[in-house]
Amino acid sequence: MNPPRVQLSHLDNLWFQVTGTLCNLACTHCFNGSGPGVRTFDFLSPADVRRELGHAARLGVREIFFTGGEPFLHPALLEMLADSLRVAPVTVLTNATLLPERIAVRLAEIERASSYSLEIRVSLDSPNETANDAIRGAGVFSRVLASIERLCRHGLLPLVTVVRNWPLEDEPEILASFTRLLSDRAGYHRPRLKFLPALPLGRELVRIGALHDEPFVTEEMLGGFDSDLLMCSNSRVVTDRGVWVCPLLVEMPDARLGSHLADAAPSYALRHRACYTCYEFGVFCSNVSPAIEGATPPAAPGEP
Amino acid sequence: MRRLAIFGGIYSNHLALAAALADVARRNVDAIYCLGDLGAFGPAPDRVFPLLRDSGVVTIQGNYDNSLALGLPDCQCGYTDPRDNSFARLSYDYTFRRTSPKNKAWLATLPASLHLEIEDLRVALFHGSPRKMNEFLWESACSDAFLEYLLDFARADVLCVTHTGIKWHRALPSGRHVVNVGALGRPENDGGTNVWYALLTFANRFLSVEFIPVVYDYHALAAEMQGEHLPDEFIETILTGWWTTCLEILPHKERARGRF
Ligand SMILES: [Fe+2]
């Protein structure tokens, strides 16, 4: 059976895996196995980023994401954020343990200097210090809250993202706990909170002891499905080792599409179980509107 | 010279719509367009329909109109926050119940887009974006490069949209334009109680865009909403000009400008 192919319909989201897989933490649920000393992927240079930004702008890129690893381990991150914000809105995904006063001040300056939004996405796992640090490491909880306080004091409203690890009926209580916590300990009185599904991938797969029994995506499943909800139709990831089809598949050699955006293959066959995860959970990392039922499909794209 | 008045996001605010139409009538306008979302949020949804028809407003379909016309279970606003979704549900259920079958049938006849040719410029009207009726085009979340792509996609020199509720205009490096006309239905999260529409003036292939503030009797609207038992949070927005719900979808800059 041939796996179905998905075309890049438009480059909405350009990801820079700016610090490769190098992270100062080793969270138990990390989907791409990042951690201290993990150099599966290495750093991008500001020149790499500028070159790909130029090409992405010609492709009509909508939004730029910085991830890793931990982006703030890169000594030139702020320069790369500023360069990117000249092209498009930017989101940086961080564990917020490396955001001292000096960095918070610069981030706020960079944000104000752009007409585009700069989103700082901060990961937390629990409103309870012990539970959080069991996943993310000792002392992380209080460092993150101190960072959020600094960002807020300088006028930034970080987006706090939490991977859902509680039963649905506990959600209102968890939400209330986070709201209280951010207000009391970080002075964040109108918190932006986003709960994400736990993805059965990477270390999370090992952690939950899951069997590899998720199905593969088939041509039939894509019939009537809005493939804009799949990252491969709207995203690309730039790493130091080339361009990958999506952030979930950077471990997979066959998901490398080329060395640069300019020569990257325009389509990809969904041959991994992680593709089913994406199919099932949707684009968890960017805000794509769901399809309109019954609405007239838009006209065919014009030639640029 | 040709002049168009364009608005969207009426959200059942018939008082603001009437005030806007009275303002338009004083401005020597060639045509009036509504970019959809007639219902939601406000009271007595049937009241906006005769106002639009009597003034000859050419209307396209928004996601709310699409939902009502097809009898869908929700407004397709695409919120992910549970609190936002529960407010969206309240207002959708109310609007669905109170929109007449005749008006729902009329919504079903509306086109999803319009393509005009004005003074040699190709003007495209959509509700959300040319590629999706419910795609949000926020000012701070749309790169120039992306907007150029959308103009290519729509084969247009000027693209007009609504759906977000906050107005903006950008003249792009290519010389083309994107205009989000804002919303007539509720104030735009800046602490002012007025709402907005857009006036587009075309002369010799040159476009100028002006946003017109609409002052209306918002106390009367709040009283009507109270009478209909609509949520206090919605009424607060009408009375204060600050958004109290559905904030999760706002990008950083738009969110930081508001109070909540
Ligand atoms: Fe809408």
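Note: the structure precedes this text.
Residues numbered from 1 in each chain as written. Chains lettered and ligands numbered in written order. Predicted model: local features only at pLDDT ≥ 70, side-chain atom pairs only at ≥ 80, totals over all residues. Heavy atoms only, no water.

Caption draft 1: Local environment of the overall build of chain B. Secondary structure assignment for chain B yields 9 helices and 10 strands. Against the globule reference of 18 Å for 260 residues, chain B gives a C-alpha radius of gyration of 17 Å, in line with a compact fold. C-alpha extents for chain B along the principal axes are approximately 50 × 40 × 35 Å. For chain B, the proportion of its 260 residues judged to be buried stands at 65%. In chain B, once contacts between residues fewer than 6 apart in sequence are set aside, the share between residues at least 24 apart is 69%. Surface exposure of chain B reaches about 9,200 Å², of which carbon and sulfur atoms provide 52%. In chain B, 25 positive and 30 negative side-chain charges are present, and the distance between their average locations comes to 1 Å. (Helix = DSSP H or I, 4+ residues; strand = E, 2+ residues; numbered from the N terminus. Rg over C-alpha atoms; globule rule 2.2 N^0.38 Å. Buried < 20%, exposed > 50% of the residue type's maximum accessible area, 1.4 Å probe, protein only. Contact = heavy atoms within 4.5 Å. Areas by Shrake-Rupley, 256 points an atom, 1.4 Å probe, with all protein chains shown as cover. Lys, Arg positive; Asp, Glu negative; His and termini not counted. Charge placed at Lys NZ, Arg CZ, Asp CG, Glu CD.)

Caption draft 2: Broad picture of the layout of surface pockets. Empty space within the second largest pocket amounts to approximately 440 Å³. The set of elements that each furnish at least two residues to the lining of the second largest pocket consists of α6 (171-186) and β7 (192-196) of chain A together with α4 (82-98) and α8 (232-240) of chain B. When the residues that make up the lining of the second largest pocket are grouped by side-chain class, the tally is 6 nonpolar, 3 polar and 9 charged. (1 Å grid on protein atoms, 1.4 Å probe; cavity = no way out; pocket = protein on both sides within 12 Å on 5 of 7 lines; lining within 4 Å. Points joined across faces, edges and corners; volume = space filled by probe spheres on them. Nonpolar A, V, L, I, M, F, W, Y, C, P; charged D, E, K, R; others polar.)

Caption draft 3: Examining the interface of chain B and chain A more closely. Listed per partner, the contact involves 40 residues of chain B and 43 residues of chain A. Buried area between chain B and chain A, summed over both chains or domains, comes out near 3,200 Å², and the portion from carbon and sulfur atoms is 48%. If you sort the residues of chain B by the area they bury against chain A, Lys132, His252 and Lys253 of chain B come out on top, with a joint share of 21%. Across the pair lysine 194 of chain A and glutamate 248 of chain B runs a salt bridge whose closest N-O atoms are separated by 3.7 Å. (Buried area = accessible area lost by both parts, 1.4 Å probe. Salt bridge = Lys/Arg side-chain N within 4 Å of Asp/Glu carboxyl O.)

Caption draft 4: The coordination of the iron ion, seen in detail. Binding of the iron ion to the protein goes through Asp37 of chain B (OD), Asn63 of chain B (OD1), His127 of chain B (NE2) and His163 of chain B (ND1), at separations of 2.0 to 2.2 Å. Coordination at the iron ion is irregular: its 4 donor atoms span angles of 83 to 158° at the metal. (Donors = N, O, S within 2.8 Å, 3.2 Å for Na, K, Ca; no water. Tetrahedral: all angles 85-135°; square planar, octahedral: opposite > 155°, others 65-115°.)

Caption draft 5: Molecular detail of the pattern of salt bridges. All names here are of chain A. Summed over all chains, the structure comprises 31 salt bridges over all chains. Between aspartate 83 and arginine 50 there is a salt bridge whose closest N-O contact spans 3.0 Å. With a gap of 33 residues between them, aspartate 83 in helix α2 (residues 77-85) and arginine 50 in helix α1 (residues 46-58) connect regions that are remote in the sequence. Exposure remark for arginine 50: the relative accessible area of 42% places this residue in the partly exposed category. A salt bridge links arginine 185 to glutamate 129, with the shortest nitrogen-to-oxygen separation between them at 3.9 Å. Within this pair, whereas arginine 185 is found in helix α6, its partner glutamate 129 is found in helix α4 (residues 129-136), the two being separated by 56 residues in sequence.

Caption draft 6: Expanded view of α2 of chain A. All names here are of chain A. For α2, the tally of buried residues reaches 7 of 9 residues, placing the bulk of the element in the interior. Along α2, the positions that sit buried rather than exposed are Leu77, Leu78, Met80, Leu81, Asp83, Ser84 and Leu85. In this fold, the buried residues of α2 make contact with β2 (13-17), α1, β3 (63-67), β4 (90-94), α3 (101-113) and β5 (118-124).

Caption draft 7: Molecular detail of the sheet that holds strand β1 (residues 2-7) of chain B. Residues and elements named next belong to chain B. Pairing is mixed across the open sheet formed by 5 strands, whose spatial order is β3-β2-β1-β9-β10. With partners counted over all chains shown, the strands left at the sheet margins are β3 (58-59) and β10 (206-214), one partner each. Across 5 bridges, the pairing between β1 and strand β9 (residues 195-203) is antiparallel. Each bridged residue has a counterpart across the sheet, and for alanine 5 the counterpart in β9 is leucine 199. (Pairing = 2+ DSSP bridges.)

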